[in-house]
Amino acid sequence: MTEKIQTLGSVGRAVLHGQTAPGSGIVRLHVSAVMFTMLILSGFFALRGATVYDSDGSAASVQALHNAAHDGDTITVPAGTFSWTSRLEITKGVTLQGATTINGAGSDNPTIEDATIIKDDTRRTGSGRGIIKVAIRSNQSFRLTGITFSPGSDTTVASSDGAIRFFSHRDSAPCTSMRVDHCHFNSLYQGKIIWVNGWVYGVADHNVFDFSRGTYPFLIMHDTWGGASQTNGNGSWADYPWYGTGKFFFIEDNTVRSDTRMPSYFIDTSYGGRWVARHNYLKNSIPSGHGTEGGAARGQRVSEFYDNIVNMTVPGAPSGQRSGTSLWHDNLFIGVDSSHKSHCNLPNFRETPARPHPVWGFADGTSVWDQNDTEGNGTYVEGRPPYLFDSGTDTSSIDSKGVIHDSTKSWTPNQWVGYSIKNANPASASHGFGSFIISNTSNTITYFYYSAPDGGHLIFNRGDAYEIHRVLTMMDQNGRGKGDQVAGQQKPVNTKAAKPWWTHEALEPCYSWNNIHSPSNHVYGFHVHPAQPTTKLGLDYFNLGADFAWDTTPSEVSARYKAALNGVDYVGPFVYPHPLVSGGGSPTPTPSATRAFPGHLTKKKRNAKRVTKTNEAWIRRSLRRDRE
């Protein structure tokens, strides 16, 4: 039962009589009878924060209702199919609710009733791109629920970073309440589906993403983490990782299905992005993250990936994480086995010319932003110049793409593995470019040659001078975290040193445990190129194996991530389901030791095979039940 009530103004009077206000696009307004009675008894004769506006499904109707609404109100979109040609602009803390239902999200075959369908005919270029932009303040909440988004007549892939945009940029506190749930994103012609930007915590849950054509379901950025004056994710890199807290954007209980011939990425991130992905079913899709590479934008800061099912039906490479710290644990991989028996590669792009002329310089042992060998013995003394280990001239008769020759040398084989070589000829197109050394003979050096067209190319011509240096720790490399505050848009400086300088980043190792491939029973872990100078096994990352009780935290991890390093003691993942899902309000930075899996999974496993069988039994049950 609902009861129409009167609000102030002509719009309210029109709605009261079941009319549409001229030019407003408003269809009708209602609240529950119980709420109406409460308002009368409490002395309020105008509605405050509990209004439900029923739109006619058009973008103009929803926009007009939003403009008349207040924080806490709900705008409904009825069952039907509606073409939107303009972007909806949300600046109020409202709920946008359709009639689409999804049961069993997080499994391989959810049931979807596409009742409310919005066809994407929005702009593909210029300003105003995307379907919905949400730009709210830290004290507001937004929820998008029960809507199917499908392609319209325009099949051009939008040159946009997000069909659905969650922004909060203007405050000194985070927006902690953004949610999108029970929505079906059905093969949109968009490069990115959900773009999280600014300083936003929240959750995407019980959605289904069907996509192809290189689309990313999520783009996560935290460029103004720490306050409105922050840029480029610098504030995120000056803060703790906060594992086990609500200080992330959470992606949980979703079904993600990629229709591609190669594995695709369902998360892309940069600008200090922080995310947690858990309890998802991923078909031919895996997360990834950019690093601090070419421009001034910082790379992915921290992530946690656990209790997911990853089903690869096509061959291809594992995930790629290019910066920061991460925890991968308690995931089941099925289908095609991974190369190197790994779930995630850890490349440090700036140790190669993959991004030409980077703002931060090449991490080849000479950039002031890195911790370099200054003494020739693996030691860094702050303020001293990089140590020059060797130099010479390429004597080859051909251009060298990956190998230089110097007939004057008599090196010990492989003595330069893990060092870097750079082109020191000012007349060369590759001048200043450096890359890490893979191997050497008595008079040749083989280095990592980045051949892709999107990067720079380190080439030595006959007569080109070269230098050999060594980087010890690269800024923002995999396995590093909280450091000095950096400021500046295009010409960044370390504010502590008042100049471009090494940021003294904390060692925050990446950990992997209980990541199993079935039916091979292979235990997956992180993988690093064996000659890459930094990000070392046993220092920057740890592959702990699979002999742990399922969904428990190894002592190595809890002992490492104490409050001094993490901000709070890490005792396990943040409470599940997320508080925005379970109705507990905004998340707090307090971790919970309560886990969501059945008790029989917490028994100690003797080996990877037993872990796999136990988890498979749970998965067979979970795929049959509705995980709402």
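In short, a report on the structure. Bear in mind the structure is a predicted one, so any value in this text is a computation, not a measurement. (Residues numbered from 1 in each chain as written. Predicted model: local features only at pLDDT ≥ 70, side-chain atom pairs only at ≥ 80, totals over all residues. Heavy atoms only, no water.)

### Re the overall build of the protein chain
Within the protein chain, the regular secondary structure consists of 8 helices and 45 strands. The burial tally for the protein chain puts 57% of its 628 residues in the buried class. Considering only intrachain contacts with a sequence separation of at least 6, the fraction spanning at least 24 residues in the protein chain is 74%. Taken as a whole, the protein chain presents about 23300 Å² of accessible surface, with 52% of it coming from carbon and sulfur. (Helix = DSSP H or I, 4+ residues; strand = E, 2+ residues; numbered from the N terminus. Buried < 20%, exposed > 50% of the residue type's maximum accessible area, 1.4 Å probe, protein only. Contact = heavy atoms within 4.5 Å. Areas by Shrake-Rupley, 256 points an atom, 1.4 Å probe, with all protein chains shown as cover.)

### Points about the pattern of salt bridges
Opposite charge on two side chains makes pairing possible when the charged atoms of those side chains draw close. Summed over the entire model, instances satisfying the criterion amount to 20 salt bridges. Where Arg 355 meets Asp 454, a salt bridge forms, and the shortest distance between an N and an O atom there is 3.3 Å. Here the residue Arg 355 occupies a position in the loop between strand E31 (342-345) and strand E32 (371-372), and Asp 454 occupies one in the loop between strand E37 (444-447) and strand E38 (465-469), the gap between them amounting to 99 residues. In this structure, the salt-bridge partner of Asp 373 is Arg 470, at a minimum N-O distance of 2.7 Å. Of the two residues, Asp 373 is situated in the loop between E32 and strand E33 (390-393) and Arg 470 in the loop between E38 and strand E39 (471-473); the sequence distance between them amounts to 97 residues. Judged by relative accessible area, Asp 373 falls into the buried class, the value being 0%. Here Arg 470 falls in the buried class, since its relative accessible area comes to 19%. Bridged by salt links that share partners, the residues Arg 143, Arg 179, Asp 181 and Asp 205 form one connected network. (Salt bridge = Lys/Arg side-chain N within 4 Å of Asp/Glu carboxyl O.)

### A look at the environment of His 405
Inspection of the secondary structure puts His 405 in strand E34 (residues 403-405). Sequence spacing of His 405 and Thr 441 is 36 residues, and the spatial spacing of their C-alpha atoms is 9.5 Å. Not counting the four nearest positions on each side in its chain, His 405 is found in contact with Thr 393, Asp 394, Thr 395, Ser 396, Ser 400, Asn 443 and Thr 444.

### Some points on the sheet that holds strand E6 (residues 88-90)
Sheet architecture is open: 10 strands sit in the order E6-E11-E14-E17-E20-E23-E26-E29-E31-E44, paired in parallel fashion. Only two strands of the sheet have a single partner each, and these edge strands are E6 and strand E44 (525-527). Across the sheet, the axes of successive neighbouring strands diverge by a mean angle of 20°, strand direction being ignored. With 3 bridges joining them, strand E23 (residues 264-270) and strand E26 (residues 285-289) adopt parallel strand pairing. (Pairing = 2+ DSSP bridges. Axes fitted to C-alpha atoms, helices over the stretch in contact; angles between N-to-C directions.)

### Overview of the sheet that holds E34
Spatial ordering of the open sheet is given by E33-E38-E35-E36-E37-E34, a layout of 6 strands whose pairing is antiparallel. Taken across any chain shown, the strands that pair with only one partner, and hence form the sheet edges, are E33 and E34. When strand polarity is set aside, the average angle formed by the axes of neighbouring strands in this sheet is 35°. Bridge analysis of strand E36 (residues 434-440) against E37 gives 3 bridges, and the strand direction is antiparallel. Residue pairing for E37: Ile 437 is matched across the bridge by Tyr 447.

### Section: the pairing of strand E24 (residues 274-278)
Most of E24 is tucked away, with 5 of its 5 residues classed as buried. Side chains Arg 274, Val 276 and Arg 278 project from E24 onto one buried face, and the interleaved Trp 275 and Ala 277 project onto a second face that is buried too. Taken together, the 5 bridges between E24 and strand E27 (residues 302-306) define a ladder with parallel strand orientation. Residue pairing in the sheet places Arg 274 in a bridge with Val 302 of E27.

### With respect to the environment of Val 196
Along the chain, the position of Val 196 falls in strand E17 (residues 192-198). Between the C-alpha atoms of Val 196 and Phe 167, which are 29 residues apart in sequence, the distance is 6.3 Å.

### A few points about helix H3 (residues 59-68)
The element H3 is extensively covered by neighbouring structure, given that 7 of its 10 residues are classed as buried. Buried residues along H3 sit in contact with strand E3 (52-54), strand E4 (74-76), strand E5 (80-84), E6 and strand E7 (95-97).

### A short note on the packing of aromatic side chains
Counted by the stated rule, this structure contains 29 aromatic pairs. Ring geometry for Phe 389 and Tyr 419: centres 5.0 Å apart, planes at 80°, overall edge-to-face. Residue Phe 389 is found in the loop between E32 and E33, and its partner Tyr 419 is found in the loop between E34 and strand E35 (420-423); the two are separated by 30 residues along the sequence. A single burial state applies to Phe 389 and to Tyr 419, both of which are buried. In textbook terms, an aromatic cluster arises when at least three aromatic residues are bridged by ring pairs, as seen for Phe 149, Phe 185, Phe 209, Phe 218 and Phe 266. Cation over ring: Arg 274 sits above Trp 225, and NZ or CZ is 4.1 Å from the ring centre. (Phe/Tyr/Trp six-rings, centres within 6.5 Å; stacked < 30°, edge-to-face > 60°. Lys NZ or Arg CZ within 6 Å of the ring centre and 35° of its normal.)

### Comments concerning the side chain of His 578
Its place among the elements puts His 578 in the loop between helix H6 (563-566) and helix H7 (579-582). Residue class for His 578 comes out buried when judged on its relative accessible area of 0%.

### Side note on the nonpolar core
In terms of nonpolar packing, the biggest core is built from 61 residues, with Ile 132 and Phe 149 touching the most fellow members. Sequence-distant contacts of Phe 149, defined by excluding residues within four places in its chain, comprise Ile 118, Ile 131, Ile 132, Leu 144, Ile 164, Cys 183, His 184, Phe 185, Asn 186 and Leu 188. By size, the runner-up hydrophobic cluster in this structure holds 18 residues, among which are Phe 250, Val 302, Phe 548 and Phe 574. (Core = buried A, V, L, I, M, F, W, Y, C linked by side-chain atoms within 4.5 Å.)

### Quick notes on unusual backbone geometry
Backbone torsion omega between Ser 518 and Pro 519 reads 10°, so that peptide bond is classified as cis. The omega torsion of the bond from Tyr 576 to Pro 577 falls at -5°, within 30 degrees of zero and hence cis. Topologically, Pro 577 is positioned in the loop between H6 and H7. Backbone geometry at Asn 414 places phi at a positive 65°, although glycine is not the residue there. Along the chain, Asn 414 turns up in the loop between E34 and E35. Despite not being glycine, Asn 514 shows a phi value in the positive range, around 55°. Its location among the elements puts Asn 514 in strand E42 (residues 510-518). For Asn 514, a relative accessible area of 0% puts it in the buried group.

### Details of the pairing of strand E13 (residues 148-151)
Across 4 bridges, the pairing between strand E10 (residues 116-120) and E13 is parallel. Bridged to Asp 120 within E13 is Pro 151.

### Some remarks on the environment of Ala 465
Inspection of the secondary structure puts Ala 465 in strand E38. Through-space distance from the C-alpha of Ala 465 to that of Ser 391 is 7.3 Å; in sequence the pair is 74 residues apart. When sequence neighbours within four positions are dropped, the list of residues in contact with Ala 465 reads Gly 392, Thr 393, Lys 422, Asn 423, Ala 424, Asn 425 and Phe 460.

Geometry only, nothing functional implied.
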